[in-house]
Amino acid sequence: MHIRMFRENRKPKEGTKIRKIYDIFHENKGVPIPFTTYSDNYLRPLQDYYEMDIIKISQGIWCFAGEWKSNKYHDYIALKISEKSS
């Protein structure tokens with residue numbers, strides 16, 4: 001719990017490739033996007049350190065499904081579904 005609270009507002013350093021990927025996923029919360037990676041070197045830190053739930057939909061299609069903020073999980077796919085049904 002303490003570690004999760006510490007990481008809550010952290011972002012990768014500006015100008016880095018991992019920050020560019022971080023921003024792309026944050027701009028497309030809950031929406032499948034085309035993304036090709038040849039290594040886990042970029043996604044793994046986002047999933048492990050920044051607690052982003054990034055899932056592979058199919059070959060080359062990924063989705064930022066949700067993330068942990070403090071002790072609460074924010075489900076971006078459920079949010080998109082509820083926005084469309086409203």
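Residues numbered from 1 in each chain as written. Predicted model: local features only at pLDDT ≥ 70, side-chain atom pairs only at ≥ 80, totals over all residues. Heavy atoms only, no water.

Visitor: Talk me through the pattern of salt bridges; I want residue IDs and the actual numbers.
Guide: Applying the stated rule across the entire model yields four salt bridges. The residue Glu-14 makes a salt bridge to Arg-19 at a minimum N-O spacing of 2.9 Å. The exposure class of Glu-14 is exposed, given its relative accessible area of 58%. Among the salt bridges present, the one from Arg-19 reaches Asp-23, with a minimum N-O distance of 3.0 Å. One end of the pair, Arg-19, and the other, Asp-23, are both in helix α2 (residues 17–27), four residues apart, so they sit about a helical turn from each other. (Salt bridge = Lys/Arg side-chain N within 4 Å of Asp/Glu carboxyl O. Buried < 20%, exposed > 50% of the residue type's maximum accessible area, 1.4 Å probe, protein only. Helix = DSSP H or I, 4+ residues; strand = E, 2+ residues; numbered from the N terminus.)

Visitor: Mind laying out α2, listing which residues take part and the relevant values?
Guide: Along α2, the positions that sit buried rather than exposed are Ile-18, Arg-19, Ile-21, Tyr-22 and Phe-25. Around the axis of α2, the buried residues are gathered within 160° of arc, so they sit on the same side. Pointing more than 90 degrees away from the buried face of α2 are the exposed residues Lys-17, Lys-20 and Glu-27. As for α2, its buried residues are in contact with β1 (33–34), α3 (43–48), β2 (52–58) and β3 (61–69). (Arc of directions from axis to C-beta. Contact = heavy atoms within 4.5 Å.)

Visitor: Provide a residue-level description of the pairing of β2, including the pertinent values.
Guide: Bridge analysis of β2 against β3 gives six bridges, and the strand direction is antiparallel. Note that in β3 the partner of Asp-53 across the bridge is Gly-66. Between β2 and β3, which pair antiparallel and follow one another directly, the connecting turn spans two residues, one of which, Gly-60, has a positive phi of 80°. (Pairing = 2+ DSSP bridges.)

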